[in-house]
Amino acid sequence: MDRFMDIGHVAETLPDLSEALDDPRLRQFGLVGGVLLVAVGALLSLAPASGQWLFWSYAVAATLVFIGVPLLCLGLAAPDPEPGSLFHLGIELTTTQRRAVALGSLCITATPIVIAVGTPLGLPTLVLAIAAATAILGSVLVLTGFVAWTSAAIAEPSRH
């Protein structure tokens, strides 16, 4: 059991972030999983609910969307598979752009967690400010990755 408590051993066994972001299987998982989570969240928010179920319906729908959108962004940022593949979109981000999208996705995913953990502590204004700042930072990072790729594709269309 002490091997699991050894920080050096655990750090050596963790996967490399660059290696994980360079895995082309992330595209299929991100696109399919992201679209499904966003669709279920949207349908759940449209479903008629009343009374005590109204809050839970919207809370679960929002959480699904807040997890589905970053997952979809990670799927779009993943390496493009072979040209004949169903998931070939022509979007090929650099490693730095993928890292920006991944960090932004993590920030967006952390937003509902911040609200869920912080609200019971009785600091609603501070919690909402932190959650809003986290969501904005995450959105800016995700957009930065994709805008950088778009500007490079426009500047040098022969490479893309």
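Caption draft 1: Examining the layout of surface pockets more closely. Estimated volume of the largest pocket: approximately 250 Å³. What lines the largest pocket is F55, W56, A59, A62, T63, F66, T111, P112, I115 and A116. When residues of the lining of the largest pocket are traced back to their parent elements, those giving at least two are α5 (52-77) and α6 (95-118). Class assignment of the residues belonging to the lining of the largest pocket gives a composition of eight nonpolar, two polar and no charged.

Caption draft 2: Representation of the packing of α5 against α6 in the model. Axis separation between α5 and α6 bottoms out at 8 Å; the angle between their running directions is 175 degrees. In terms of axis orientation, α5 runs roughly antiparallel to α6. Residues F66, I67, P70, C73, L74 and A77 of α5 form the contact with α6, whose participating residues are R98, V101, A102, S105, I108, T109, T111 and P112. The class makeup of the residues in the contact of α5 with α6 is ten nonpolar, three polar and one charged.

Caption draft 3: The UniProt feature "transmembrane region" (unreviewed entry) in the protein chain, seen in detail. The residues that UniProt annotates with the feature "transmembrane region" (unreviewed entry) are residues 29-49, 55-79, 100-121 and 127-155. Taken as a whole, residues 100-121 contains 86% helix and 0% strand, while its terminal C-alpha atoms sit 31 Å from one another.

Caption draft 4: Focus on α6. Taking 1.5 Å per residue, 24 residues should reach 34 Å; α6 reaches 34 Å between its end C-alpha atoms and fits that length. Maximal helix bending in α6 amounts to about 30 degrees, located at A110; proline P112 follows within four positions. Within the span of α6, buried status applies to Q97, R98, A100, V101, A102, G104, S105, C107, I108, T111, P112 and G118. Residues of α6 that are buried make contact with α3 (17-21), α5 and α7 (124-155).

Caption draft 5: Molecular detail of the side chain of R27. By secondary structure assignment, the location of R27 is in helix α4 (residues 25-46). The class of R27 is buried, set by a relative accessible area of 0%. A distance of 2.7 Å separates a polar side-chain atom of R27 from the backbone oxygen of A78.

Caption draft 6: Inspection of α7 at higher detail. Between the first and last C-alpha of α7 there are 45 Å, a value that for 32 residues agrees with the 46 Å anticipated at 1.5 Å per step. Turning to α7, its buried residues number three or more, namely V127, A131, T134, A135, G138, L141, V142, G145, F146, W149 and A153. Tucked inside the fold, the buried residues of α7 contact α5 and α6.

Caption draft 7: Geometry of the pattern of salt bridges. Applying the stated criterion across every chain yields a total of three salt bridges. One salt bridge connects D23 with R25, and the closest N-O pair in it is separated by 2.8 Å. Under the relative-accessibility criterion, R25 is labelled exposed at 60%. Notably, a salt bridge pairs R27 with D80, separated by 2.3 Å at the nearest N-O pair. Of this pair, R27 sits in helix α4 while D80 sits in the loop between α5 and α6, and the two are 53 residues apart along the sequence.

Criteria and cut-off values
Residues numbered from 1 in each chain as written. Predicted model: local features only at pLDDT ≥ 70, side-chain atom pairs only at ≥ 80, totals over all residues. Heavy atoms only, no water. 1 Å grid on protein atoms, 1.4 Å probe; cavity = no way out; pocket = protein on both sides within 12 Å on 5 of 7 lines; lining within 4 Å. Points joined across faces, edges and corners; volume = space filled by probe spheres on them. Helix = DSSP H or I, 4+ residues; strand = E, 2+ residues; numbered from the N terminus. Nonpolar A, V, L, I, M, F, W, Y, C, P; charged D, E, K, R; others polar. Axes fitted to C-alpha atoms, helices over the stretch in contact; angles between N-to-C directions. Parallel < 35°, antiparallel > 145°, perpendicular 65-115°, else oblique. Contact = heavy atoms within 4.5 Å. UniProt positions renumbered as here; feature names shortened; annotations may be inferred. Expected span 1.5 Å × (residues − 1). Bend = angle between axes of the 7 residues up to and from the residue. Buried < 20%, exposed > 50% of the residue type's maximum accessible area, 1.4 Å probe, protein only. Polar contact = N/O pair within 3.5 Å; in protein donor to acceptor, adjacent residues only side chain to side chain. Salt bridge = Lys/Arg side-chain N within 4 Å of Asp/Glu carboxyl O.

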